[in-house]
Amino acid sequence: MAGSPRLAVWKFSSCDGCQLTLLDCEDELLALAGRVEIAYFLEASSRELPPPYDLSLVEGSIATAADLERVRRVREQSRYLVTIGACATAGGVQALRNLATLPEYQAVVYARPEYVDSLDQSTPIAAHVPVDLELRGCPIDKRQLLEVITAYLADRRPDIPTHSVCFECKLRGTTCVTVAHGTPCLGPVTQAGCGAICPAYGRGCYGCFGPLGGPNGRGRPNTRALLPLLRRDGVTEADAARLYRTFNAEAPDFAEAARQATEEAG
């Protein structure tokens, strides 16, 4: 489709779940394919077109020297670069290895560690190149992804919420699981985007979308104030630290809360 905006989708260290979210758009994806030229998306096609690209969606964290070299090249070739998912925005589950040194893991896990070619840490894309927008989630939300793509096609800023999961619970009429049942929940400090799925089924929020940007998108989440509530609901300091680290280990506010909980645990 000569003259159409060119879309590229890139994978780094990740599980592919966020790319699959794009494929799961199904009917919407067909409409999208009529508006853009999909120049690079190996999850869906072996077709590879040369740069430049109007919009690059990047999944995954930077875990190897090859990743680092490649993401810099992608940035140079892309007008807009949007990171998608917890791996790309906060290091992902694999960033849990940052809590120890690489030689420690190599000695325990690998019989021939000399073949392991990895950086010391798993880090988000924004730690290495400028990013135009970070789309949170593990995995990302289909509606938010479509909003981002269509917004850039229309040359406007995407409308992505920066309020908490609690706000989404109110919107869908879900009774607060913490107030009603004493269920531990990270909803008050987690950014919205999932539609508050877990609380709707009686489970506390696990923080998949990472820390929110504070009330109405300003400031920072008060993770310190949430720790006493988690303790009240039966969560030990050690478990609170694990809860904060699970999906977004390198997200600064969650990492700070995890460190605080660890210190209090002694």
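Above: the structure in question.
Structural notes, computed from the coordinates. Here the structure is a predicted model, which means the values were calculated and not measured.

What counts and how
Residues numbered from 1 in each chain as written. Predicted model: local features only at pLDDT ≥ 70, side-chain atom pairs only at ≥ 80, totals over all residues. Heavy atoms only, no water. Helix = DSSP H or I, 4+ residues; strand = E, 2+ residues; numbered from the N terminus. Expected span 1.5 Å × (residues − 1). Contact = heavy atoms within 4.5 Å. Phe/Tyr/Trp six-rings, centres within 6.5 Å; stacked < 30°, edge-to-face > 60°. Buried < 20%, exposed > 50% of the residue type's maximum accessible area, 1.4 Å probe, protein only. Salt bridge = Lys/Arg side-chain N within 4 Å of Asp/Glu carboxyl O. Polar contact = N/O pair within 3.5 Å; in protein donor to acceptor, adjacent residues only side chain to side chain.

This part covers helix α3 (residues 65-77). For α3, with 13 residues, the first-to-last C-alpha span of 19 Å sits near the 18 Å given by 1.5 Å per residue. In this fold, the buried residues of α3 make contact with β1 (6-11), β3 (53-59) and β4 (78-84).

Looking now at the packing of aromatic side chains. Going through the model one piece at a time under the given rule, you end up with four aromatic pairs. Both rings, one in W10 and one in Y40, keep their centres 4.2 Å apart while their planes meet at 20 degrees; by these two values the pair is stacked. Residue W10 is found in strand β1, and its partner Y40 is found in strand β2 (residues 37-41); the two are separated by 30 residues along the sequence. For W10, a relative accessible area of 6% puts it in the buried group. Between Y244 and F254, the aromatic rings sit 5.1 Å apart at their centres with planes inclined by 65 degrees, giving edge-to-face as the arrangement. Residue Y244 is located in helix α11 (residues 237-245), and its partner F254 is located in helix α12 (residues 252-265); the two are separated by 10 residues in the primary sequence. Y244 gets classed as buried once you look at its relative accessible area, which sits at 1%.

Going through the model one piece at a time under the given rule, you end up with 13 salt bridges. In this structure, the salt-bridge partner of E264 is R231, at a minimum N-O distance of 2.7 Å. Taken together, the positions of E264 in helix α12 and R231 in helix α10 (residues 223-232) put the pair 33 residues apart, joining distant regions of the chain. The partly exposed category is assigned to E264, whose relative accessible area is 40%. By relative accessible area, which is 34% here, R231 ends up partly exposed. Salt-bridge contacts for R242 lead to D239; the nearest nitrogen and oxygen are separated by 2.2 Å. Highlighted residues: R242 and D239, both in helix α11, separated by three residues, approximately one helical turn. Residue D239 is classed as partly exposed on the basis of its relative accessible area of 34%.

So, about the side chain of N248. With respect to the secondary-structure elements, N248 resides in the loop between α11 and α12. What makes N248 buried here is its relative accessible area of 2%. Of note is the side chain of N248, whose polar atom sits 3.0 Å from the backbone oxygen of G207. What N248 contacts, discounting residues up to four positions off in sequence, is A86, T89, A90, G207, C208, F209, G210 and F254.

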